[in-house]
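The chain contents come next:
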Amino acid sequence: MNNFITKYEKILEILKQFETKSNFLNQIRCPRLSDIELIAVDLTAESLSIDSEYQLFRILPNSLSSRIERSVYNRRRRKLFFIKERIRKAMSDKLTGNESYFIVDSMPLEICKLSRSSRTTICKEDYLTSPSKGYCASQKLHFYGYKLHAVCSASGVFSDFELTQAAVHDIHYLKNIKNNFSSCVLIGDKGYLSAEYQLDLFSSNNIKLEVPMRVNQHGYEKHPYLFRKTRKRIETLFSQLCDQFLIRRNYAKSFDGYKNRILSKITALTVIQLINKLLNRNINNIKTLVV
């Protein structure tokens with residue numbers, strides 16, 4: 001409990017540096033637990049690998065649990081999605097600074113086993129956001145759910161991410177990247193190999209896409225070692241999301257709840273990195289206590 005309060009107070013202090021307001025939702029009465037405090041509770045729980053609201057409210061200190069009901073916490077947390085994303089983006093910009101090298105990749109997020117895909121109702125309230133069947137070539141895995149497409153800096157900070165159906169090919173994510181990046185080098189794997197997209201990114205936003213060539217390609221050249229080593233950074237981040245933040249485990253029933261959980265985990269990772277930087281630690285030592 002003491003560890004929870006210590007982390008909560010530190011994370012709340014960081015959040016207040018990026019948001020001057022305490023409440024963002026239009027409510028008739030001022031809530032006892034402000035919106036910024038609710039986000040801090042959410043991020044603290046994720047940093048401690050607590051992704052179950054039932055378990056959270058079992059260990060939540062009375063000074064916090066007495067100020068909000070569990071059902072109200074769930075509804076307000078989903079409504080604060082865009083505020084949380086704005087804060088995450090501001091923290092990410094502060095961490096990345098003027099970096100010009102970024103890595104793009106994707107990872108599969110399974111909703112349920114393939115054998116249950118035909119009868120499950122999870123996240124199926126809207127056809128456009130419903131999960132689908134997909135294939136992950138790197139893991140040789142057929143799965144049912146979503147893909148997390150992400151861009152991180154060379155130092156290991158998520159700059160941008162997006163959830164798509166599992167059937168969407170990785171290369172289609174590049175269409176959205178040029179809206180958020182310019183004058184930089186983007187490193188990807190063979191799934192992003194496309195002369196058309198490389199030309200489009202470079203001509204529109206001066207983004208140089210570095211992708212390894214296939215061995216049977218005409219004029220094959222081996223990908224430089226520095227790029228191959230740098231690209232492993234995003235794979236390490238994905239592993240940390242799976243290990244400490246349990247991103248593959250899902251309790252959400254709606255897509256709004258699911259995307260909010262994914263955002264909370266990535267934001268919690270970013271705020272720990274920022275705290276480490278302020279304490280002059282390695283920003284990617286995410287298991288280090290923030291004390």
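In this text, all values refer to a predicted model and were calculated from it rather than measured experimentally. All residue numbers here refer to positions counted from 1 along the written sequence of the relevant chain. At least 70 in pLDDT is required for a residue's local features to be given in this predicted model, at least 80 for side-chain atom pairs to be given and counted, and no such filter applies to totals for whole chains, interfaces and linings, which use all residues. As a convention, hydrogens and water are excluded, and side-chain values are obtained from all of the structure's heavy atoms.

Details of the overall build of the protein chain
At step 1: Put simply, DSSP H or I for four residues or longer makes a helix, DSSP E for two residues or longer makes a strand, and each gets a number counted from the N terminus. Across its full length, the protein chain holds 10 helices and six strands.
At step 2: In terms of its C-alpha atoms, the protein chain occupies a principal-axis envelope of roughly 65 × 50 × 30 Å.
At step 3: Burial status across the protein chain gives 51% buried among its 291 residues.
At step 4: Once local pairs closer than 6 in sequence are excluded, the contacts in the protein chain between residues at least 24 apart make up 65%.
At step 5: Using a 1.4 Å probe, the Shrake-Rupley method yields the accessible areas, and only the shown protein chains count as cover for residues. About 14,700 Å² of surface is accessible on the protein chain, with carbon and sulfur atoms providing 50% of the total.
At step 6: A residue counts as positive if it is Lys or Arg and as negative if it is Asp or Glu; His and the chain ends are not included. Positions of charges follow a simple convention, taking NZ of Lys, CZ of Arg, CG of Asp or CD of Glu. Across the protein chain, the 46 positively charged side chains and the 28 negatively charged ones have centroids separated by 4 Å. Each residue is placed in one exposure class: buried if its accessible area under a 1.4 Å probe, protein chains only, is under 20% of its type's maximum, exposed if it is over 50%, and partly exposed if it falls in between. Any two residues whose heavy atoms approach within 4.5 Å at even a single point are treated as in contact.

Some remarks on the layout of surface pockets
At step 1: Every definition here rests on a 1 Å grid over the protein atoms only: cavities are sets of points where a 1.4 Å probe fits but cannot get out, pockets are open sets enclosed by protein on both sides within 12 Å along at least five of seven lines, and lining residues have some atom within 4 Å of a point. Grid points are joined across faces, edges and corners, and a volume is the space filled by probe spheres set on the points. By volume, the largest pocket amounts to about 750 Å³.
At step 2: If you go around the largest pocket, you meet 29 residues; those closest to its centre are Asp105, Ser138, Asp189, Gly191 and Arg231.
At step 3: Broken down by secondary-structure element, the contributors of at least two residues to the lining of the largest pocket are strand 1 (101-112), strand 2 (132-136) and helix 9 (225-243).
At step 4: The element contributing the most residues to the lining of the largest pocket is helix 9, with five residues.
At step 5: Under the grouping applied here, Gly and all other residues not named as nonpolar or charged are polar, the nonpolar ones being Ala, Val, Leu, Ile, Met, Phe, Trp, Tyr, Cys and Pro and the charged ones Asp, Glu, Lys and Arg. Here the lining of the largest pocket is built from residues that sort into 10 nonpolar, seven polar and 12 charged.
At step 6: As a volume, the second largest pocket reaches approximately 370 Å³.
At step 7: What lines the second largest pocket is a set of 15 residues, and nearest its centre among them are Gln27, Arg29, Pro31, Val72 and Arg76.

So, the pairing of strand 2
At step 1: Of the two faces of strand 2, only the one carrying Ser132, Gly134 and Cys136 is buried; Lys133 and Tyr135 on the other face are not.
At step 2: Where strand 2 and strand 3 (residues 141-153) come together, five bridges link them in antiparallel fashion. Looking at the pairing, Cys136 lines up with Leu141 of strand 3.
At step 3: Think of it this way: DSSP has to see at least two bridges between two strands before they count as a pair. Remark: four residues form the turn of the hairpin made by strand 2 and strand 3, two consecutive strands paired antiparallel; Lys140 in that turn has positive phi of roughly 50°.

Considerations on unusual backbone geometry
At step 1: Its identity as a non-glycine residue notwithstanding, Asn206 has a phi of 55°, on the positive side.
At step 2: The exposure class of Asn206 is partly exposed, given its relative accessible area of 40%.
At step 3: In this structure, Leu246 takes a positive phi of about 50° despite not being glycine.

Observations regarding the nonpolar core
At step 1: For our purposes a nonpolar core is just a set of buried Ala, Val, Leu, Ile, Met, Phe, Trp, Tyr and Cys residues, chained together by side-chain atoms within 4.5 Å. If you look at the biggest cluster of nonpolar residues, it comprises 67 residues, and the most contacted ones within it are Leu56, Leu148, Phe158, Leu241, Tyr258 and Ile262.
At step 2: For this core, the element with the highest residue contribution is helix 10 (residues 255-278), accounting for 11 residues.

A look at the packing of helix 9 against helix 10
At step 1: Interaxial angle, 0 to 180 degrees, is taken between N-to-C directions of lines fitted to C-alpha atoms, where a helix line uses only the stretch in contact. The contact between helix 9 and helix 10 brings their axes to 11 Å, and the two run at 110°. In terms of their interaxial angle, helix 9 and helix 10 are classed as roughly perpendicular. Here helix 9 runs over helix 10; the crossing is right-handed. Residues Leu237, Gln240 and Leu241 of helix 9 pack against Lys265, Ile266, Leu269 and Gln273 of helix 10. Working rule for angles: under 35 degrees goes down as roughly parallel, over 145 as roughly antiparallel, 65 to 115 as roughly perpendicular, anything else as oblique. Crossing handedness follows the turn of the near helix against the far one: under a right angle anticlockwise gives a left-handed crossing, and clockwise gives a right-handed one.

A short note on the packing of helix 2 (residues 35-47) against helix 10
At step 1: Direction vectors running N to C along helix 2 and helix 10 enclose 80°, while the axes themselves pass 9 Å from each other. By the angle class used here, helix 2 and helix 10 are roughly perpendicular. Here Asp42, Leu43, Glu46 and Ser47 of helix 2 lie close against helix 10, whose contacting residues are Arg261, Ser264, Lys265, Thr267, Ala268 and Ile272.
At step 2: A class-by-class count of the residues in the contact of helix 2 with helix 10 yields three nonpolar, three polar and four charged.

Notes on the side chain of Glu46
At step 1: In this structure, Glu46 sits in helix 2.
At step 2: Contacts described as polar in this section are N or O atom pairs within 3.5 Å, which, within protein, must combine one atom able to donate a hydrogen with one able to accept it, while residues neighboring in sequence count only if both atoms come from side chains. At 3.0 Å, the side chain of Glu46 forms a polar contact with the side chain of Lys265.
At step 3: Once residues lying within four places of it in the same chain are set aside, the contact partners of Glu46 are Asp51, Arg77, Gln244, Phe245, Arg261, Ser264, Lys265 and Ala268.

Here we look at empty space enclosed by the protein
At step 1: Under the criterion given, the structure shown has one cavity of 30 Å³ or more.
At step 2: One number sums up the size of the largest cavity: a volume of about 60 Å³.
At step 3: Lining the largest cavity we find Asp42, Ala45, Glu46, Ile50, Asp51, Ser52, Glu53, Leu56, Tyr73, Arg77 and Arg261.
At step 4: Elements that contribute at least two residues to the lining of the largest cavity include exactly helix 2, helix 3 (53-59) and helix 5 (70-79).
At step 5: If one sorts the elements of the lining of the largest cavity by residue count, helix 2 sits on top with three residues.
At step 6: In terms of residue class, the lining of the largest cavity is made up of four nonpolar, one polar and six charged.

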